[in-house]
Amino acid sequence: MPPTNPARRRAVADAAIALLAEAGVHGVTHRAVEKAAGLPPGTASNYFRSREALLVAAAERVVELHQEEMAHAVAPPGNDLAGMLADSLFTAATELRPRYLAIFELQLEAVRRPVLAEALAGLEAGALRVTAGLHDDLGLGTSREGVAALMALYGGALFTLVTAPPERITRDGVRQVAAAIVRGALPAGPSTASTTLPEGSGGGRGALPSGAGEVAPSNT
């Protein structure tokens, strides 16, 4: 039976996430993870017997971190939908860039590993739930199809920004992208881009779905 030290398991998973961002999925090995985490040889394999189990641990940790952020995120008073999306995208492309690079690596690998796709399912489910709930709270009357379209556009923008050279990311540029997403996904809405969020509404940097293929605020 694998060891049950939660802190050690998290350390291994966090090291795997860092390696995914730095070296890609093929750079994640038990020895590389142990070296990155400063752990003795054999530690990673004691917790996660196979390389696939190590990748699943990284995926589950990413979902855990995202859900924690969504649970505590609050939209700043007076922020608008496009502004909230812009804040979410900018944070993802700068401060959280390594995590999102890891997510994209995991999602691509999940195409070939059903167990990994299952571990990542919480990202999309959480993003859809939070995004749809936010639109309901704002009284936007956005259909679930509209929410899905917003999430899809957000996901594409997220990938483009996170994989671009960091020095090219500017707040003004990201805000223009966010405004275009809102206009494209909700063209019939009444000035959706400038709709303000009530104080205390779920939103803000981590409230938007944070999975890589979600969007709208999804992936946000």
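Our subject is the structure that appears above.
A. Region of interest: the nonpolar core. Judged by nonpolar contacts, the single largest core of 59 residues is most densely connected at L20, V28, V33, L89, Y100, L106 and L158. When residues of this core are traced back to their parent elements, those giving at least two are α1 (6–23), α3 (43–47), α4 (51–72), α5 (81–93), α6 (97–110), α7 (114–138), α8 (144–162) and α9 (171–185). The element best represented in this core is α5, accounting for nine residues.

B. Region of the structure containing α9. Along its 15 residues, α9 runs 21 Å from first to last C-alpha, staying within 8% of the 21 Å computed at 1.5 Å per residue. Of the positions making up α9, those classed as buried are V174, A178, A179, I181, V182 and A185. Summarising the axial view, the buried residues of α9 lie within an arc of 155°, below the 170-degree limit, and thus occupy one face. Exposed and facing more than 90 degrees away from the buried side of α9 are D172, Q176 and R183. The elements touched by buried residues of α9 are α5 and α8.

C. The arrangement of the pattern of salt bridges in detail. Applying the stated criterion across every chain, the model contains six salt bridges. Between D14 and R61 there is a salt bridge; the shortest N-O distance is 2.8 Å. Of this pair, D14 sits in helix α1 while R61 sits in helix α4, and the two are 47 residues apart along the sequence. The partly exposed category is assigned to D14, whose relative accessible area is 31%. Across the pair R31 and E34 runs a salt bridge whose closest N-O atoms are separated by 3.5 Å. Separated by three residues within a single helix, R31 and E34 lie in helix α2 (residues 30–37), roughly one turn from each other.

Conventions we followed
- Residues numbered from 1 in each chain as written.
- Predicted model: local features only at pLDDT ≥ 70, side-chain atom pairs only at ≥ 80, totals over all residues.
- Heavy atoms only, no water.
- Core = buried A, V, L, I, M, F, W, Y, C linked by side-chain atoms within 4.5 Å.
- Buried < 20%, exposed > 50% of the residue type's maximum accessible area, 1.4 Å probe, protein only.
- Helix = DSSP H or I, 4+ residues; strand = E, 2+ residues; numbered from the N terminus.
- Expected span 1.5 Å × (residues − 1).
- Arc of directions from axis to C-beta.
- Contact = heavy atoms within 4.5 Å.
- Salt bridge = Lys/Arg side-chain N within 4 Å of Asp/Glu carboxyl O.

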